[in-house]
Amino acid sequence: MALMRRFTSDDIWGPMSVREYDVLFTLSKCPTRKLRLHDLNDEILLSQPSLSRMCERLDKLGYLTRELDPNDKRGTVIALTDAGLAVQREIGRRHAARIRRYVGDALSDDELTTLEALCTKLRLAQPAIP
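So, here's what we can say about the structure. (Residues numbered from 1 in each chain as written. Predicted model: local features only at pLDDT ≥ 70, side-chain atom pairs only at ≥ 80, totals over all residues. Heavy atoms only, no water.)

## Focus on the overall build of the protein chain
The number of helices and strands found in the protein chain is six helices and three strands. Each helix and strand of the protein chain, ordered N terminal to C terminal, gives the series α-α-β-α-α-β-β-α-α. In terms of principal-axis extent, the alpha carbons of the protein chain reach across some 50 × 35 × 25 Å. Every one of the 130 residues in the protein chain was classed for burial, and the buried ones make up 33%. Within the protein chain, contacts between residues at least 6 apart in sequence are counted, and of these 54% link residues at least 24 apart. As displayed, the protein chain has an accessible area near 8800 Å², and 56% of this comes from carbon and sulfur atoms. Measuring between centres, the 21 positive side-chain charges of the protein chain sit 3 Å from its 19 negative side-chain charges. (Helix = DSSP H or I, 4+ residues; strand = E, 2+ residues; numbered from the N terminus. Buried < 20%, exposed > 50% of the residue type's maximum accessible area, 1.4 Å probe, protein only. Contact = heavy atoms within 4.5 Å. Areas by Shrake-Rupley, 256 points an atom, 1.4 Å probe, with all protein chains shown as cover. Lys, Arg positive; Asp, Glu negative; His and termini not counted. Charge placed at Lys NZ, Arg CZ, Asp CG, Glu CD.)

## Some details on the packing of helix α1 (residues 2-9) against helix α5 (residues 82-104)
Put simply, α1 and α5 touch, their axes get as near as 11 Å, and they point 145° apart. The handedness of the crossing between α1 and α5 comes out as right-handed. On the side of α1, the interface is formed by Leu3, Arg6 and Phe7, while α5 contributes His95, Arg98, Ile99, Tyr102 and Val103. Taken together, the residues of the contact of α1 with α5 break down into five nonpolar, one polar and two charged. (Axes fitted to C-alpha atoms, helices over the stretch in contact; angles between N-to-C directions. Left-handed = near helix turned anticlockwise from the far one by under 90°. Nonpolar A, V, L, I, M, F, W, Y, C, P; charged D, E, K, R; others polar.)

## Description of the nonpolar core
Counting residues in hydrophobic clusters, the biggest one holds 24 residues, and the most contacted among them are Val23, Leu24, Leu27, Leu40, Leu51 and Leu64. Contributing elements (two or more residues each) for this core: α2 (18-28), α3 (37-43), α4 (48-60), β3 (72-80) and α5. (Core = buried A, V, L, I, M, F, W, Y, C linked by side-chain atoms within 4.5 Å.)

## Considerations on α2
For α2, the set of buried residues is Glu20, Tyr21, Val23, Leu24, Thr26, Leu27 and Ser28. The inward-facing, buried residues of α2 contact β1 (34-36), α3, α4, β2 (64-69), β3 and α5.

## So, the sheet that holds β3
Here three strands make up an open sheet; going across it, the order is β1-β3-β2 and the pairing antiparallel. The two strands at the open ends of the sheet, each matched to only one other strand, are β1 and β2. Strand-to-strand twist of the sheet, defined as the mean angle between neighbouring strand axes without regard to direction, takes the value 25°. Pairing analysis gives six bridges linking β2 to β3, with the strands arranged antiparallel. (Pairing = 2+ DSSP bridges.)

What follows is the structure in structure tokens.
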């Protein structure tokens, strides 16, 4: 929790919040830079209505677009724009530097590798946990 407070209070986020950055980061990791809103919601710690409002704001800023899902007209596809990718990368570089500063000196390379593996394992296991 202490690390999250430090990350959140950092002055690196520019025109957005940490949660808005998380949306751009999540989309940037998708091969097509697109996700259905429902699938994006599975990756983000927000309620669907809150995520919808956030995506509306990021759309107005030009960082993403919202379009009807061509395979299911009831769904919405959220797509990262080139401008959104650029701001995500810019903020991401600053965020990575802060992670190295706050975590890098506290853990060895082997410990960082183990931490990444454990976090990935926990993230991937969530859908199977009731």
